[in-house]
Amino acid sequence: MSQDARIERNRHQSLAIDSDRLPASGPSPGASVLAATTAVSSYPTTAAAFYAANPLEIDAVEAEGQTATFTADTTQVLYLLNLGTAVPPQGTYVIASAVGGRWVFRYDG
């Protein structure tokens with residue numbers, strides 16, 4: 001097997017592994033998402049844990065000084081790892097980023 005074919009095979013294997021990490025629907029890898037933390041079964045009591053969250057849709061007139069409204073998409077649940085030092089209250093708006101195939105955010109209180 002040529003070196004080029006081996007490199008190409010390894011790239012395809014890496015892509016297959018990475019594509020299994022993020023859900024098929026929802027934001028694409030490398031993206032950021034605005035979400036609100038929520039409880040699916042029980043809300044976490046430690047900071048460094050995965051939190052369930054619903055993505056938020058933003059509705060606003062894009063003009064200086066205008067206010068925005070946020071609507072949670074409760075049909076989707078994302079699991080976000082908190083890299084911060086505090087437990088966010090349920091319903092906290094966070095910006096999560098796709099890093100290494102996982103959603104992460106930081107909340108320090």
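What is the right way to read the packing of aromatic side chains from this model?
Here the distance between the centres and the angle between the planes together describe a pair of aromatic rings. For the coordinates displayed, the defined rule picks out three aromatic pairs. For the ring pair Y51 and F105, a centre distance of 6.0 Å and an interplane angle of 75 degrees mean the geometry is edge-to-face. One end of the pair, Y51, is in strand β2 (residues 50-60); the other, F105, is in strand β6 (residues 102-105), and 54 residues separate them in sequence. This pair shows no difference in class: Y51 is buried, exactly as F105 is. Centroid distance F70 to Y93: 5.2 Å. Interplanar angle 65 degrees. Geometry classified as edge-to-face.

Looking at this model, I keep getting lost on a nonpolar patch on the surface. Mind explaining?
Nonpolar side chains collect at one region of the surface, where V40, F50, V77 and Y79 lie side by side and expose about 380 Å² of accessible area between them. Locating F50 in the fold gives a position in strand β2.

Sorry if this is basic, but what is going on with the nonpolar core here?
If you look at the biggest cluster of nonpolar residues, it comprises 16 residues, and the most contacted ones within it are V33, Y51, L78, L80, A96, W103 and F105. Only β1 (32-38), β2, β4 (78-82), β5 (93-99) and β6 provide two or more residues apiece to this core. With three residues, β5 is the single largest residue contributor to this core. Leave out the neighbours within four places in its chain, and L80 touches A35, A49, F50, Y51, A53, V94, A96, W103 and F105.

Mind showing me how you'd approach the pairing of β6 here?
The two faces of a sheet get side chains in turn, since along a regular strand they alternate between them. Here β4 runs beside β6; their pairing, made up of three bridges, is parallel. In the sheet register, L80 faces β6, and the bridge partner there is W103. Relative to β6, β5 is paired through three bridges, and the arrangement is antiparallel. Considered in β6, the bridge of S97 is made with V104. Taken together, β5 and the strand that follows it, β6, pair antiparallel across an intervening segment of two residues, in which G100 is found at a positive phi of about 60 degrees.

Would you mind going over the pattern of salt bridges with me for this structure?
Any two side chains of opposite charge can pair, so long as their charged atoms come close to each other. With the rule as written, the count across this model stands at one salt bridge. R106 is the partner of D108 in a salt bridge, and the nearest nitrogen-oxygen pair spans 2.7 Å. Residue D108 is classed as partly exposed on the basis of its relative accessible area, which comes to 40%. Residue classification places R106 among the exposed positions, given a relative accessible area of 56%.

Would you mind going over the environment of R102 with me for this structure?
Mapped onto the fold, R102 is located in strand β6. R102 gets classed as partly exposed once you look at its relative accessible area, which sits at 40%. Expressed as a C-alpha distance, the spacing of R102 and Y79, which sit 23 residues apart in the sequence, is 8.3 Å.

What counts and what doesn't
Residues numbered from 1 in each chain as written. Predicted model: local features only at pLDDT ≥ 70, side-chain atom pairs only at ≥ 80, totals over all residues. Heavy atoms only, no water. Phe/Tyr/Trp six-rings, centres within 6.5 Å; stacked < 30°, edge-to-face > 60°. Helix = DSSP H or I, 4+ residues; strand = E, 2+ residues; numbered from the N terminus. Buried < 20%, exposed > 50% of the residue type's maximum accessible area, 1.4 Å probe, protein only. Patch = residues over 30% accessible without salt bridge, like charges linked within 9 Å, V, L, I, M, F, W, Y side chains within 5 Å. Areas by Shrake-Rupley, 256 points an atom, 1.4 Å probe, with all protein chains shown as cover. Salt bridge = Lys/Arg side-chain N within 4 Å of Asp/Glu carboxyl O. Core = buried A, V, L, I, M, F, W, Y, C linked by side-chain atoms within 4.5 Å. Contact = heavy atoms within 4.5 Å. Pairing = 2+ DSSP bridges.

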